[in-house]
Every structure is written in structure tokens, then in C-alpha cells.
Amino acid sequence: MERTIFVTGGAGFIGSHVIRRFVESYPECQVVNIDALTYAGNLENLKDLENAPNYTFVRADIVNEDEMLSLFEKYRPDGVIHLAAESHVDRSITFPLDFVRTNVLGTVNLLNVARKTWNEDFEGKRFHHVSTDEVYGSLGKTGFFTEETKYDPHSPYSASKAASDHFVRAYADTYGLPVVLTNCSNNYGPNHFPEKLIPLMIHNIIHEKPLPVYGDGNYTRDWLYVVDHARAIDLVFHKGKDRECYNIGGFNEWKNIDLVRLLCKQMDEKLKKEPGTSEKLIAFVKDRPGHDLRYAIDASKINKELGWNPSVTFEEGLSKTIDWYLENKEWLENVTSGAYQEYYKEQYS
Ligand code: NAD
Ligand code: DAU
């Protein structure tokens, strides 16, 4: 193999699409997936790549210094694409310390081990930190997040991601570590764990369960098909400038309630139900504390500098996503049995 890259969190939602893209597009590159397999990690997401000659999976915790050191020494990676994280805002409200542990301590541990192993010969090395638009806080009815927007996180999740972003920049400034950052908007697509809005609604529509919309449903998110995020990560990892940050978004804002109604409509058609059947399941429930009103990304920098644009329209992406869940009912049933039921009861009762 000509080079080796580590992808952390590769068994999760976005990580699995990044692994797929790199394993398939770069046969000369050894891709090592480092994942602790928390409730959100699922090797089923990568079953078909299991025996690919340029793919290796290692179960390990990014917070563990000894484990990370021995992996860096064994594989001598040229680059790291860091996605491993606790990623769900609602869980961060219940278990904030888990988010500090993985998102802050885990990231700093990785930065430190990369610095030590690369031993300040950073030539040809790159640490790509995958972050979120939530670090910028909330927009009012107008405006967009740019790379210059001041950080203003509101949830324990976004605060932990903001802290990790600051550490990444601090390692660049203090030690010269070659880093690049991406801050992306809401992703959707296959392999998305059904604690997040879109797959949760798909799951509940299939099972004819209530569709819990927080507050008045007028919160707005900017949705991007996950494969387009993986394409953007590939571009920035290979062509982005050192120490730069790139915002990634879908140019695709939806109020939650409108999005849920669109999902209901598409699912009624696919499941051959009377129009309006699934909408009847919508239930307005208690709001999320500290709920950010609106996210919207200005992605003109990555567009102008690297030529990236989303390639999938929302209607197309949503339709493909629903089809994937309908065709992978076993995947959905496996991840929603056991601990998920407990989580759901706690969160929505
Ligand atoms: P996810 O929750 O689906 O997956 C996270 C993965 O990290 C899982 O496979 C889990 O097992 C692994 N992991 C967790 N703790 C770990 C640890 N201590 N050591 C090793 N592995 C560990 O998350 P996702 O939605 O795929 O998000 C991936 C990254 O992208 C995160 O950093 C998230 O902040 C960021 N992000 C997500 C979105 C989104 O819409 N989902 C948008 C922008 C940015
Ligand atoms: O913006 C990027 C972020 O998007 C990522 O950094 C996070 O990892 C990812 O989880 C996502 O965060 P959100 O909080 O925006 O995603 P979630 O799917 O949890 O919620 C989307 C919107 O839907 C939000 O306004 C809350 C609302 N919602 C969510 C759930 C789970 C509901 O109304 N009902 C629900 O049951």
C-alpha cells in the first residue's frame, strides 16, 4: 500500500460512508477504521467491505492513550480523518460527561498521539477534524454561518464539539500539527441511527407510531445527503489548505414540521396508503431545552476553492433514503431492539 489513513468512528453513520468512499476510490490506500462500537457503531454498515484488501477494522477507544499509541506505532498512518464522537444532542442533555469524555478528551488524546508519533516531521501528514455547524449556535430568521462566524454553542454536544475544534487549532498553532477542519450541517441517508429526526420518523411511520415533533415544529435545519458529505471530506482531506476550515451544507433549509409532512407524503405513496394517513400520526411534544432555532450554512468557500456542490436534490435523497430503510428492515429492527426501547421510553414518555 502506498499510504495508510485512519478513519475514527468509521462504523457510525457518516464514518461508514467515508470508509466506503475511500476503500472504493483509493485501492492503493490502506484504510484503518478505528471504532469503539458504542450503541451508534454498527459493523453491518460495512459488511460488504469486510474482506476488501485495503480495509482493516480495529475496535478501540480513542480516549485510551496506550491503545492509540500502539495503533499509530503499528500502522504509521499518513493521515487521520477524525469522526468518532458522541453525536446526539438529546443524549448530551442527559449524559453531558460522556460527550466531554469522547469529544474533548478523545480528540485531544488523538491530537497528542499524532503529534508524538509524527515526531514533528509533519511532511505529508494531515489531521482532518470533522465537526458541525452547531458550534456556531443559532441563527435568527435570516443569515448564514460562514467560516468567520463566532462560536456560540448551546448544548453540551455542541459545546464539546466547539472545545474539540479549539484544541485542533491550538495543536496547529502550538506544535505546527498539519490540521484541516470541516463544519457540516445536518446529514441524512442510509445507516442513520433512528434516534435522529429523519430515520426516527421513518421507523415510526412504518410502525404506525406517533411522530414526535418538538415544540411548534418551526425549527429549521439545512439537510445534506450523507454521500455528498463524504465527497466533501475526500476533497478537503486531499486538496484543502492546511489550518483552514471549510463549511459544508446542503443549501437546503427545511422547517421540521414541513419536512415531517413531506416524509409522510412520500411514505404514504411508497407504502400505498391513502394520502394523509401518516400525517395523522404527528404529535407535538415537549420541546428540547436550549433548542437552536435555525442552522444554515454558507458553503461558498468549499464551492469556490475546491469546486464542491451537493450532487443529490433533497426530494431524490429523501426518496433514496426511505427506499433504503424499507429494503433494510432487518437493519432497522436490529438497531431498535434492546437498549433502544429503553432510550425511547425515557426520551418520549
Ligand atoms: P454516529 O453517532 O453515527 O457515529 C459515531 C461513531 O463513533 C460510532 O461508530 C461510535 O461507535 C464511534 N465512537 C463513539 N465513541 C467512540 C470512542 N470513544 N472511541 C472510538 N469510537 C467511538 O455519528 P455521525 O452522525 O456519523 O457523526 C460523525 C461525526 O460527524 C461526529 O464527529 C459528528 O459530530 C459529526 N457531524 C455529524 C453530523 C450529522 O448530521 N450526523 C453533521 C455534522 C457533523
Ligand atoms: O447540524 C449538524 C448536527 O445535526 C450534527 O452535528 C449532530 O450530530 C446531528 O445529530 C444533528 O443535530 P440535530 O439536533 O439538528 O439533529 P436531530 O435529528 O436530533 O434533530 C433535528 C431537528 O428535529 C431538531 O430541530 C430537533 C427536531 N426533533 C428531533 C427529534 C429526534 C424533533 O422535533 N423530534 C425528534 O424526535
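Every residue gets a number counted from 1 within its own chain, in the order that chain's sequence is written. Note on labels: chains are lettered from A, ligands numbered from 1, in written order. In keeping with the model being predicted, local features are shown solely for residues with a pLDDT of at least 70 and side-chain atom pairs are shown and tallied solely at 80 or more, while totals for entire chains, interfaces and linings include all residues. To obtain the side-chain values, all non-hydrogen atoms of the structure were included, while hydrogens and water were left out.

Considering the overall build of the protein chain
Strands here mean DSSP runs of E at least two residues long; helices mean DSSP runs of H or I at least four residues long; both are numbered from the N terminus. A count of helices and strands for the protein chain gives twelve helices and twelve strands. As defined in this context, the radius of gyration uses C-alpha atoms, and a globule is described by 2.2 Å times the residue total to the power 0.38. For 349 residues, the compact-globule estimate of 2.2 N^0.38 gives 20 Å, and the protein chain sits close to it at 20 Å. Principal-axis analysis of the C-alpha atoms places the extent of the protein chain at approximately 65 × 45 × 40 Å. Only protein chains enter the area calculation, which uses a 1.4 Å probe; residues under 20% of their type maximum are buried, those over 50% are exposed, and those in between are partly exposed. Put simply, the protein chain has 349 residues, and 56% of those count as buried.

Points about the site of ligand 2
Any residue with a heavy atom lying within 4 Å of a molecule or strand is counted as near it. Within the structure, ligand 2 sits among 24 residues, and Thr132, Asp133, Tyr157, Arg288 and Tyr348 are positioned closest to it. Identification of polar contacts relies on pairs of N or O atoms within 3.5 Å, with a donor-acceptor requirement for protein atoms, meaning one able to donate a hydrogen and the other able to accept it, and with residues adjacent in sequence counted only if both atoms are side-chain atoms. In the environment of ligand 2, an oxygen atom lies 2.8 Å from a nitrogen or oxygen atom belonging to the backbone of Leu197. At 2.9 Å from an oxygen atom of ligand 2 is found a side-chain nitrogen or oxygen belonging to Asn256. Residue-level accessible areas treat just the shown protein chains as cover; the underlying method is Shrake-Rupley with a 1.4 Å probe. Coverage of ligand 2 by the protein chains reaches 95% of its 690 Å² of free accessible surface. Of all the secondary structure elements, the ones that give two or more residues to the shell around ligand 2 are helix H3 (89–94) and strand E8 (211–214). The greatest single-element share of the shell around ligand 2, amounting to three residues, is contributed by E8. For the shell around ligand 2, the per-class residue count stands at ten nonpolar, seven polar and seven charged. Of the domains in this structure, domain 1 (3–188 + 222–248) and domain 2 (197–220 + 253–292 + 313–341) are the two that each give at least three residues to the shell around ligand 2. Only Asp, Glu, Lys and Arg are considered charged in this grouping, and only Ala, Val, Leu, Ile, Met, Phe, Trp, Tyr, Cys and Pro are considered nonpolar; every other residue, Gly among them, is considered polar. Each domain's extent is set by a domain assignment, obtained either automatically or from a database.

Comments concerning the sheet that holds strand E3 (residues 55–59)
Two strands make a pair as long as DSSP finds a minimum of two bridges between them. A sheet is described by the order of its strands in space; here seven strands give the open sequence E3-E2-E1-E4-E5-E6-E10, paired in parallel fashion. Among the strands making up the open sheet, the edge pair consists of E3 and strand E10 (245–248). Between one strand axis and the next, the sheet turns by 20 degrees as a mean value, whatever way the strands run. In the sheet, strand E4 (residues 79–82) pairs with strand E5 (residues 126–132) via four bridges, with the strands oriented parallel. Axis lines are fitted to C-alpha atoms, over the contacting stretch for helices. Their N-to-C directions set the angle, which ranges from 0 to 180 degrees.

Some details on the side chain of Arg288
Structurally, Arg288 can be placed in the loop between strand E12 (282–285) and helix H9 (300–306). We classify Arg288 as buried; its relative accessible area is 16%. Between two residues, a contact is recorded if the distance between any of their heavy atoms is within 4.5 Å. Ignoring any residue separated from it by four or fewer positions in sequence, one finds Arg288 in contact with His88, Val89, Asp90, Ile93, Tyr214 and Arg221.

Re the domain arrangement of the protein chain
For the protein chain, the domain assignment lists domain 1 (3–188 + 222–248) and domain 2 (197–220 + 253–292 + 313–341). One C-alpha centre belongs to domain 1, the other to domain 2; they are set 27 Å apart. At the junction of the two partners, domain 1 supplies 15 residues and domain 2 supplies 18 residues. Throughout, the accessible surface (probe 1.4 Å) given up by two parts as they are put together, summed over both, is called the buried area. Interface area for domain 1 against domain 2, summed over the two sides, is near 1,400 Å², with a carbon-plus-sulfur share of 56%. Whenever a carboxyl oxygen of Asp or Glu lies within 4 Å of a side-chain nitrogen of Lys or Arg, that contact is scored as a salt bridge. Inspection of the domain 1/domain 2 interface yields one salt bridge. At the boundary of domain 1 and domain 2, one finds four residue pairs in polar contact (both at pLDDT 80 or more). Those elements that place two or more of their residues in the side of domain 1 that touches domain 2 are H3 and strand E9 (220–225). Class assignment of the residues belonging to the side of domain 1 that touches domain 2 gives a composition of six nonpolar, six polar and three charged.

Observations concerning the packing of helix H8 (residues 256–270) against helix H10 (residues 314–327)
It is the contact of H8 with H10, at a shortest axis distance of 11 Å, that shows an interaxial angle of 55 degrees. As far as their axial angle goes, H10 and H8 are oblique. As for how H8 packs across H10, the hand of that crossing is right-handed. Facing H8, whose interface residues are Leu259, Leu262, Leu263, Gln266, Met267 and Lys270, H10 presents Phe314, Glu315, Leu318, Ser319, Ile322, Asp323 and Leu326. In terms of residue class, the contact of H8 with H10 is built from eight nonpolar, two polar and three charged. With respect to orientation, any angle under 35 degrees is reported as roughly parallel, any angle over 145 as roughly antiparallel, any angle of 65 to 115 as roughly perpendicular, and every other angle as oblique. Definitions for this section: a left-handed crossing has its near helix turned counterclockwise from the far helix by less than a right angle. A right-handed crossing has that turn clockwise.

Here we look at the environment of Phe127
Tracing the backbone shows Phe127 in strand E5. Judged by its relative accessible area of 0%, Phe127 falls in the buried class. In this structure, the C-alpha to C-alpha distance between Phe127 and Asp242, residues 115 residues apart in sequence, is 9.4 Å. Every residue in contact with Phe127, bar those within four places of it in the chain, is listed here: Val80, His82, Leu110, Leu111, Ala114, Trp118, Leu177, Pro178, Val179 and Val180.

Focus on the side chain of Glu134
Mapped onto the secondary structure, Glu134 falls in the loop between E5 and helix H5 (156–175). The residues contacting Glu134, other than those within four sequence positions of it, are Val89, Pro153, Ser155, Tyr157, Ser158 and Tyr295.

Digging into the nonpolar core
Each nonpolar core is a collection of buried residues, namely Ala, Val, Leu, Ile, Met, Phe, Trp, Tyr and Cys, held together in the definition by side-chain atoms within 4.5 Å. The biggest cluster of nonpolar side chains holds 47 residues, and the ones touching the most others in it are Phe127, Leu177 and Ile302. Taken together, the elements giving at least two residues each to this core come down to strand E2 (29–35), helix H2 (65–75), helix H4 (96–118), H5, strand E6 (179–184), helix H7 (226–239), E10 and H9. Among the nonpolar cores identified, the runner-up in size contains 31 residues, and Leu263, Met267, Ile282 and Tyr344 belong to it.

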